[in-house]
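Results of the structural survey
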Amino acid sequence: MQWQMILPEILLAAGGLAVVAAGVMGRRRETPAALAAATFVAALVALWPLRGITAEAWWGMLVVDSFALFFKALFALTGLLVVPLAHAYVERRGIHAGEFYALIVFAVLGMSMMASSRDLLMIYLGLELLSIGSYVLAGMLKDDDRSLEASLKYFLVGAMTSALLLFGLSLVYGISGSTHVEAIRRAVSAGDGWRGVAVAGMWFMLAGFGFKVAAVPFHMWAPDVYHGAPTPVAALLIAGSEAAAFSAILRVFTTGFGPLANYWQAVFAVLAVATMTYGNAAALVQTSAKRMMAYSAIAQAGYVLVGLAVGTPEGFGAMLYYLLAYLFMVVGTFAVIAWLSLARPEEMLDDFEGLGRSVPWVAAAVVIFMISFIGIPPTAGFLGKFYLIRAAVSADMVWLAVVMVVNSAISAGYYYSIVRRMYLTDRSATVAALPPGTSLVVGLAAAATVLLMLFPQPIIEWLGSAQQVVALLR
Amino acid sequence: MLSLLIFTPLIGSLVIALLPRENKDLLRRVALLFSLVPVALVAIMWARYDTAAEGMQFVERIPWIPAVGIQYFLGVDGISFPMLAVTALVTTLAILASFNIQERVKEFMALMLLLETGMLGVFVALDYFLFYIFWEVVLVPMYFIIGIWGGPRREYAAIKFFIYTLLGSVVMLVGILALYFQSGLGTFDMLAIAEQARLNPTAQYWIFLLLFFGFAVKVPIFPFHTWLPDAHVEAPTGGSMLLAGVLLKMGTYGFYRISYPTLPDAAKAFAIVMGVLGVINIIYGALVAMAQKDFKKMVAYSSISHMGFVLLGLAAMTPMSMAGGLFVMISHGLISPMMFFFAGTVIYERTHTRMLPEMSALFTKMPVAATLLAFAAFANLGLPGLSGFAGEFFTLTGAFEPLTSLVAVAVLGMVLTAAYHLMMMRQILMGDATAEAAGHAAAHAHGHGAAGHGALAAVRLPDLTLREAIVSAPLMVSIVLFGVAPSILLRIFNPSIQALLSRMGGL
C-alpha cells in the first residue's frame, strides 16, 4: 500500500529520468516535451485513487491527505501547462530541450515532496530539489546576461534562504528532539523555559520561507530573477514554486508552530500589507512586461499572506483557492508574453500594442487574465479575493480587508496598462504566428479562469476538507 | 423571464462576436434586434405586473454556491421594475443613436450589449454576491466604450472612471461581507438579511459608511464626483446616454435596495448628512453647470445637480419624498440621455463644436432639431407638465415637513437650473442667423454686393434625420406621459415604498 501512496512521486522521478535520456539519445526534438507532458498526466492519474485517503507512511516523511492531494494536483497541472507554453520559446531560444523539461519535472517533484510531508527534513529536501532545479532553469538562456544574473542571484539568495531555514530548524530540533511537526507542536506547547528558543527558530524559518514566497522585505531577488529567467521558467516559479512554499508554511506553522500563533499571525499581517503595497506601487512604473508581472507576483503573494494573517480554516481554504486561480492567470499571461517574445525578444509592455486588432481572441483572453488579477468578476481571481476578504472580515480584521481592496483598486492602474495598449492605441506591434501550444494554454487558462468562478462548488467542497487538514492547532 | 431578460443581450454580444466585422449594417441591426428583446419582455412584464403586491415579483431562485450561502436569486418590485424598463429602453436608443459609429462597429455593439446585461442584472439581483458581480461587470465594457470611441482625452477619462468606481465598489464589497457576518444568517440573500438581521446600531453605522462609499462614487455624491465630468464628456454619445441615464442610478438604487431596508437605524442617523450632501449636489452642480462653455460638460454637471434631488428625497424619508426620489431617477433617466444625444450627436455633427459660444441661431438653422432640444432643456429644468417637474415637486413637497430649511435651499437650486438652461438656449437657439451670415459674408466677400442674398440658405443646416427622430420620440413621449400622468409610476412605486418605510419603523 505504501508504494501506491508514493506512486505519483515515483512516476515523476522516473519520467524526469526518461526525459533526460530522451534528450541525450532521442533524435526527434519533440520527444522530451511529449515525455514530460505524459509524466505529468501520469502523475495526475496516479493521484486519482488517493482521493479520500488520509494516511501517513515512514514516520510522517510522507503523508497523503486532501491538502497534499490538492497541492500535488496543482503542481502537476502547472507542469502540464508550462510544457506547451514553453515549446515554441525553447525552440526559438535554442534551449536544450532534454535538460529543460527534465528539470521542470524534477522541480515539480520537489514541490510535491514539500506539500506531502509532515517532517521538516523532508520538506527541506523537497525545497532543495525544487531550488537547485530552478537555479539551473533560470540560467538556461546561456548567451543572455540577464538570465545568467538571474541564475546567480537566485542561487546566492537561495543558499542564504536554505541557511536560514536550516538554522531555524536546528534550533527547533534542539528543544523538540524531532523533525516531525506533531512532535514539535508537543514540545512547543509544553512551553517550559525553552519557548524563547522555539520562537527564535520559528522566526528564522519564517524568514526563510518569506524569501521563497518573495514577501517584502525578503523580495529583492524576485524582480531580477523573474525578469531574467526564461519566460516559461518565470511562470513555473511564480505559479508553482510560490505555491509550494505556501503549502510548506501552512503545514509547518499551523501544526508545528500552532501554539505560537500569537507570535506569527501579526507578523504575517505586517508582511501581507507590506508585500501587496510595495508590489503594487513598484509595478505601476514598469515598462517591461515581465518585470511588471514580477512585481505583480510580489503583490499577489501579499494577498495570499492575508490567509495566514487571518489564521482560520476559512483563511487557509481561501489561500488554496486563490493559488489555484492564480495558476491559470499566470500561466495564461506568461504564455502570451512568451509568444510575443518570439517576435520581439525584449518583452516590453509595448509589445501588447494593437493586439486587440491583430489577434482579437488572445487579447480578449488577456483581458480576462487582467481583470482576474485585479479581482473583478466574473473571474476566479475575484472569487479568490472574495474568499480572502471574507476570511479577514469574519476574523474581525476588517482593516486588513480594506487595505487589500484598496490595493486591488491601485493594481488596476498597471494591469490596465496592458489592456490600454491592446485596445486604446493606434500603433500595432509585430507578432509571430501563434504556436498551437500557446493557443492551447491561453484558451484553457481563460476558460478555467471563468469556469472556476461560475461553477466553484466542487472545488469549494474539496477545499473544505483540505483546509481542515491544516486547521490551526494551538 | 428575468433570466431571459438579462441574458439575451449577453447572447447577442456573443452572436455579434461571431459575425464578420466588415458588414457594419448587419452588426448594427443584429445589436438593435437583441436590445429590442428586453424592451419587449419589459412590456410584457409591465402588462402582467401586479401593482397591488408589495413583495418581489417574477422571482427566480436557484442555489449557486451553497457552501457559502450564495444563490442565483432574481426578482423585481416597485423600486427596481421602472429602472429596469428605463434601462431596456435607453440601451436600445443608445444603440440606435450609435449607428453613426464607423470604427470597430463589431466591438462597440458587443460591448454595449454586455453592458446592458450588467445594468439589467444590477436591478434584478437579490443576492449580494450576484448583485456585486453585475455591479462590476458594468465597469469593463464602459471602460472600453469611453477608452476606444471617446473624445481626445479618452484614455485618461476611461482609466479615471475605472479606478474611481472600482475603488468605490471594492470598499462596498467589504461592507457587504461585514453585513454578511454581522447578520449571522450565513446567506447573501438581500431580503432575508433585511428582514431577519438584528444589527446593533454601531455595526449598522460602519456598514452603512462602507456601502455609502461605493454608492457615493457611483451617484456621484460631492466630493466623489470628479470622475463624472471627464467620463461623460469624453464618452461617445451612446456611452454618455447610458452613463447618465442608467449608471448613476445604480448608486441611488443601492440606497433604496440595500442601505435603507437593511440598515434603518444608520439610515436615520445619517439622514441629515444625506440631505446636506444632496443639497450641496444640487447647488454645486447647478453653479458649475452654469459656468461651463462645453455643452456636454454642462449636461454632465446638471446630472450631478439632479441626483442631489434623489438624495434629498432619501434623506427626508417620507412616503412622498422617497417616491419623488425614485421619480427623479426615472425622469432623469429619460431626459439626460436625450440631452446627451443632442449635445453629443445631433448638434455636434452639424456644427462640429460643443462650445456654447460658438453656436447660435439654431432655431433658424435647423428648426426641428432645435425645437426638440428646447423640449429636452425645458424638461431638464423642470417645466410643469413634463416628468422632470413632477419628480422634483414630489421630492420637495415630501421633504418639506422634515427638512424645511434644506428644501428652501434646494428650491434655489431649481432657480439656478432654470437660469443656466435658459442662458444656454438663448445662446445657441436664438440669434439672427441672417445678420450673422451677412456679417460673415461681408467679412469674407468684401465688396461683393450680393452677399446678403441667399445667406439664409447658406446657413441652413441639415435638419433632424429620421433615425434621430426615432431616438428622440420614445423619450419625449415618456417624458410627457409621466409629466401629465405621474400616477402611472406612483402606482408602481407606492406599495414598495410603503413596505420599505414600515420596515424601517413607520415614519
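Parameters and conventions
Residues numbered from 1 in each chain as written. Chains lettered and ligands numbered in written order. Predicted model: local features only at pLDDT ≥ 70, side-chain atom pairs only at ≥ 80, totals over all residues. Helix = DSSP H or I, 4+ residues; strand = E, 2+ residues; numbered from the N terminus. Buried ≥ 20, exposed ≤ 12 C-beta atoms within 10 Å, placed from the backbone. Contact = placed C-beta atoms within 7 Å. Rg over C-alpha atoms; globule rule 2.2 N^0.38 Å. Nonpolar A, V, L, I, M, F, W, Y, C, P; charged D, E, K, R; others polar. Axes fitted to C-alpha atoms, helices over the stretch in contact; angles between N-to-C directions. Parallel < 35°, antiparallel > 145°, perpendicular 65-115°, else oblique. Core = buried A, V, L, I, M, F, W, Y, C linked by C-beta atoms within 7 Å. Pairing = 2+ DSSP bridges. pLDDT = per-residue confidence, 0-100. Expected span 1.5 Å × (residues − 1). Bend = angle between axes of the 7 residues up to and from the residue. Left-handed = near helix turned anticlockwise from the far one by under 90°.

**So, the overall build of chain A**
Summing up its helical and strand segments, chain A has 20 helices and two strands in all. Principal-axis analysis of the C-alpha atoms places the extent of chain A at approximately 70 × 55 × 40 Å. Looking at chain A residue by residue over its 474 residues, the buried ones come to 66%. For chain A, contacts bridging at least 24 residues in sequence account for 81% of all contacts bridging at least 6.

**Considerations on the overall build of chain B**
The number of helices and strands found in chain B is 22 helices and two strands. Taken over the C-alpha trace, chain B has a radius of gyration of 23 Å; the compact-globule value for 507 residues is 23 Å, and the two agree within 12%. Along the first, second and third principal axes, the C-alpha set of chain B runs to 85 × 60 × 40 Å. For chain B, the residues scored as buried account for 60% of the 507 residues in total. Put simply, of all contacts in chain B between residues at least 6 apart along the chain, 78% involve residues at least 24 apart.

**Focus: the interface of chain A and chain B**
Counting residues at the interface gives 26 residues for chain A, matched by 23 residues for chain B. Within the residue set of the side of chain A that touches chain B, elements represented by two or more residues are helix H17 (380-394), helix H18 (398-423) and helix H20 (457-469) of chain A. The element contributing the most residues to the side of chain A that touches chain B is H18 of chain A, with twelve residues. Considered class by class, the residues forming the side of chain A that touches chain B number 18 nonpolar, five polar and three charged.

**As for the packing of helix H4 (residues 66-93) of chain A against helix H11 (residues 231-256) of chain A**
The axes of two packed helices give the description: the angle between them and the distance between them. Residues and elements named next belong to chain A. Axis separation between H4 and H11 bottoms out at 9 Å; the angle between their running directions is 170°. Viewed along their axes, H4 and H11 adopt a mutual orientation that is roughly antiparallel. Residue-level contacts link Phe 71, Leu 74, Phe 75, Thr 78, Val 82, Leu 85, Ala 86 and Tyr 89 of H4 to Thr 231, Pro 232, Ala 235, Leu 236, Ala 239, Gly 240, Ala 243, Ala 244 and Ser 247 of H11.

**Thoughts on the nonpolar core**
Membership of the largest hydrophobic core comes to 412 residues, with the highest contact counts inside it found for Ile 104, Val 306, Leu 323, Val 331, Met 370 and Ile 389 of chain A. If one sorts the elements of this core by residue count, helix H14 (residues 313-343) of chain A sits on top with 22 residues. Apart from the residues within four sequence positions on either side, Ile 389 of chain A is in contact with Ala 401, Met 404 and Val 405 of chain A together with Leu 173, Val 174 and Leu 177 of chain B.

**Considering the pairing of strand E2 (residues 70-76) of chain B**
Residue and element names in this part refer to chain B. Among the seven residues of E2, five are classified as buried, and the element is accordingly described as predominantly covered. Pairing between strand E1 (residues 57-65) and E2: six bridges, direction antiparallel. Its bridge partner being in E2, Ile 65 is matched across the sheet by Ile 70. Two successive antiparallel strands, E1 and E2, enclose a turn made up of four residues, where Gly 69 displays a positive phi of approximately 80°.

**Observations concerning unusual backbone geometry**
With an omega dihedral of 0°, the bond running from Pro 377 of chain A to Pro 378 of chain A counts as a cis peptide bond. Of note, the amide linkage connecting Phe 222 of chain B to Pro 223 of chain B takes the cis form, showing an omega dihedral of 5°. Within the element layout of this structure, Pro 223 of chain B appears in the loop between helix H9 (201-218) and helix H10 (227-234). We note that Ala 214 of chain A has phi near 60°; this positive angle belongs to a residue other than glycine. Assignment of secondary structure puts Ala 214 of chain A in the loop between helix H9 (195-212) and helix H10 (222-228). You can call Ala 214 of chain A buried: it has 29 C-beta atoms within 10 Å.

**Structural notes on the environment of Ser 162 of chain A**
Residue and element names in this part refer to chain A. Checked against the element boundaries, Ser 162 lands in helix H7 (residues 145-176). Overall, Ser 162 belongs to the partly exposed group, with 17 C-beta atoms counted inside 10 Å. Placed 31 residues apart in sequence, Ser 162 and Ser 131 show a C-alpha to C-alpha distance of 9.5 Å.

**Here's the deal with the confidence of the model for chain B**
All names here are of chain B. For chain B, per-residue confidence averages 88 on the pLDDT scale, and residues scoring 70 or more make up 94% of the total. Contacts of residues 447-455 to residues separated by more than four positions or lying in other chains number nine contacts, the stretch itself having pLDDT below 50. Predicted complex, confidence summary: ipTM 0.89, pTM 0.91.

**Quick notes on helix H11 (residues 237-262) of chain B**
All names here are of chain B. Helix length check: H11, at 26 residues, gives a terminal C-alpha distance of 36 Å against a target of 38 Å (1.5 Å per residue), a fit within 8%. Its maximal kink placed at Leu 243, H11 deviates by approximately 40°. Burial within H11 is extensive, with 26 of its 26 residues counted as buried.

**Thoughts on the packing of H18 of chain A against helix H7 (residues 154-183) of chain B**
Running from amino to carboxyl end, H18 of chain A crosses H7 of chain B at an angle of 155°, the nearest separation of the two axes being 9 Å. The orientation of H18 of chain A with respect to H7 of chain B, classified from their angle, is roughly antiparallel. In the crossing of H18 of chain A with H7 of chain B, the sense of the turn from one axis to the other is right-handed. Facing Val 398, Ala 401, Val 402, Val 405, Val 406, Ser 408, Ala 409, Ala 412, Gly 413, Tyr 416 and Arg 420 of chain A of H18 of chain A, the residues of H7 of chain B in contact are Glu 155, Ile 159, Phe 162, Ile 163, Leu 166, Leu 167, Val 170, Val 171, Leu 173, Val 174 and Ala 178 of chain B.

**Description of the environment of Ser 465 of chain A**
All names here are of chain A. In this structure, Ser 465 sits in helix H20. Under the C-beta neighbour-count criterion, Ser 465 is labelled partly exposed, with 17 such atoms within 10 Å. Counting along the chain gives 210 residues from Ser 465 to Thr 255, while the straight-line C-alpha distance between them is 16 Å.

**Re the environment of Ala 419 of chain B**
Residue and element names in this part refer to chain B. Within the secondary structure, Ala 419 sits in helix H18 (residues 404-428). Given 15 C-beta atoms within a 10 Å radius, Ala 419 is considered partly exposed. In this structure, the C-alpha to C-alpha distance between Ala 419 and Asn 494, residues 75 residues apart in sequence, is 33 Å.

**Comments concerning H9 of chain A**
Residues and elements named next belong to chain A. Compared with the 26 Å implied by 1.5 Å per residue over 18 residues, the 26 Å span of H9 between its first and last C-alpha is a close match. All of the buried residues in H9 are Ala 198, Gly 201, Met 202, Phe 204, Met 205, Leu 206, Gly 208, Phe 209, Gly 210, Phe 211 and Lys 212. On the buried face of H9, the contacting elements are H7, helix H8 (181-190), H11 and helix H12 (261-283). Ala 214 occupies a position one or two residues after H9 and carries a positive phi of about 60°.

**Some points on the confidence of the model for chain A**
Any segment with low pLDDT has predicted coordinates that should not be analysed in fine detail. Looking at chain A, the pLDDT average stands at 91 and 99% of residues meet or exceed 70. Across chain A, the element-wise mean pLDDT spans from 81 in helix H1 (residues 2-5) of chain A up to 94 in helix H19 (residues 436-454) of chain A.

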